[in-house]
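# Topology and contacts: notes
Residue strings, one per chain:
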Amino acid sequence: METLEESELCFPQLLNSSCRKPKRSLTEAVLLYSLLSFISLLTVILNLLVVISISHFKQLHTPTNFLLLSLAVSDFFVGLLMFFQIMHIDGCWFLGDFMCVINIVLSFIITSSSVGTMVLISVDRYVAICDPLHYSTKVTVRRVRICVCLYWVYSVLYISLILKGNLKQPGSYNSCFGECVIVLNYIAGVADLILTFICPVTVIITLYVRVFVVAVSQARAMRSHIAAVTLQGSVKVTANKSELKAARTLGVVVVVFLTCVGPYFCSSLVNQDSLFGIATVALGTWLFYFNSCLNPVIYAFCYPWFVKSIKLIITFKILQPDSCDASVL
C-alpha cells in the first residue's frame, strides 16, 4: 500500500509535501504523449519552414509577409514550449521554481505578440482593401518591421510588469513540491483580459467586417463591368482580385485564430481566481497551442509560394548561390 501511494507522488522521498500525479492508464498516457508530441514537432517544423521561406527569398519581402513572419516566429516558440507542457502533463514539474515562472512568462509574451500580430494583419488588409491607392505609401516594409518590433518589446515589458511579483518570488504560490503555478491579482487579471483579448478582438472584428463589406462591393463591381473593361482596366481587376484573395486567406487565419483562442480567454472570464498552472492543462490551452500548427497548413493550401519554397528548402537548393533571388511567386 505504501509503494502504491509513493508511486502516485511527484517526489516519493517527500511524502508529506510532494504533489500527487493524476491517475492514467498506460494506453491513455501513450496516446496522449504521442499525439501531443507529434503536434508539437509538426508545429516547430512547419513554422520554421515559413520563417526560412520569408526570410530567405527576396520576392517574399512584402509588408504582409513580414507580418506572417512575425506570426510564424510566435508559433515556432509555441511549438517549443509545448514540449515543456508535454513533459509535465502528468502534473509534476521537475525543473525548479525559476524555470516554472520563465516558462509561463514566455507563454504569456508569445500569446500577447500573436494577438498583436493579428491586429496588425487586420489593419494591413483594411488599408489594402479600403484604401488601395495609398496602400503602398501607407504600408511599407520598414513601417511593418518597426510596428512588429515595437509590439514584441511592448509584450515583454507588459508581461514582465503584470508578473513581476511572480518573477521576484518564484514558487511562492506553490502548495506542494512538483507544482508550477503563478497567480495574478484581480486588477492585473482584468487588465490582461481587456488588453490582450477584448480590445484586440474588437479591433480585429470591426476591421474585418469593414473589409468584408468593401470586398463584397468590389466583387459586385468587377462582375458588372468585367465584359467592358479595357486592357488597363483588366490589370486593375487582376490587382483587386489579388488583394481580395489575400484578404480571404488572412481572414481564414484570423477566424481560425479567434476560434482557437476564444475558449482559452473565455475560461479566464469564468475563472475568478486567476490561477494558471501546468499541473492542470485545460483543453482551451491545448486548443490555443494547436492553432500554431494550423497556420502553416492554411498557408500551404492558400499560398503557392509556400509550397514552392518548401521544395527548394528540402532539396537544399537554397544553399546555391543567388538562391534568394529565385522565383517562388
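Here, the structure is the one placed above.
What you are looking at is a predicted structure, and each value in this text was computed from that prediction instead of being measured.

What counts, and where the lines are drawn
Residues numbered from 1 in each chain as written. Predicted model: local features only at pLDDT ≥ 70, side-chain atom pairs only at ≥ 80, totals over all residues. Heavy atoms only, no water. Buried < 20%, exposed > 50% of the residue type's maximum accessible area, 1.4 Å probe, protein only. Helix = DSSP H or I, 4+ residues; strand = E, 2+ residues; numbered from the N terminus. Arc of directions from axis to C-beta. Salt bridge = Lys/Arg side-chain N within 4 Å of Asp/Glu carboxyl O. Disulfide = S-S within 2.5 Å.

## Overview of helix α11 (residues 304-314)
Where α11 is concerned, the buried positions are W305, F306, S309, I310, L312 and I313. Looking straight down α11, one finds that the buried residues subtend no more than 165° of arc, so they occupy a single side. For α11, the exposed residues lying more than 90 degrees away from the buried face are K311 and I314. Following α11 by one or two positions, F316 adopts a phi angle in the positive range, close to 65°.

## Here's the deal with the pattern of salt bridges
Per the counting criterion, the structure on display carries 3 salt bridges. A salt bridge links D325 to K58; the nearest nitrogen and oxygen atoms lie 3.6 Å apart. With D325 in the segment after α11 and K58 in the loop between α2 (26-56) and α3 (63-87), the pair connects residues that are 267 residues apart, well separated along the chain. Across the pair K138 and D131 runs a salt bridge, and its minimum N-O distance is 2.8 Å. What makes K138 partly exposed here is its relative accessible area of 45%.

## Considerations on the environment of Q169
In this fold, Q169 is placed in the loop between α7 (164-168) and β1 (181-183). Residues Q169 and D97, spaced 72 residues apart in sequence, show a C-alpha to C-alpha distance of 8.9 Å.

## Structural notes on the state of the cysteines
In this structure the tally under the stated criterion is 2 disulfides. Two residues share a disulfide in this structure: C19 and C176, whose sulfurs sit 1.8 Å from each other. Every disulfide takes its handedness from the sign of the S-S torsion; for C19 and C176 that torsion is 100°, giving right-handed. On the criterion of sequence distance, the pair formed by C19 in the loop between α1 (2-7) and α2 and C176 in the loop between α7 and β1 is long-range, its members being 157 residues apart.

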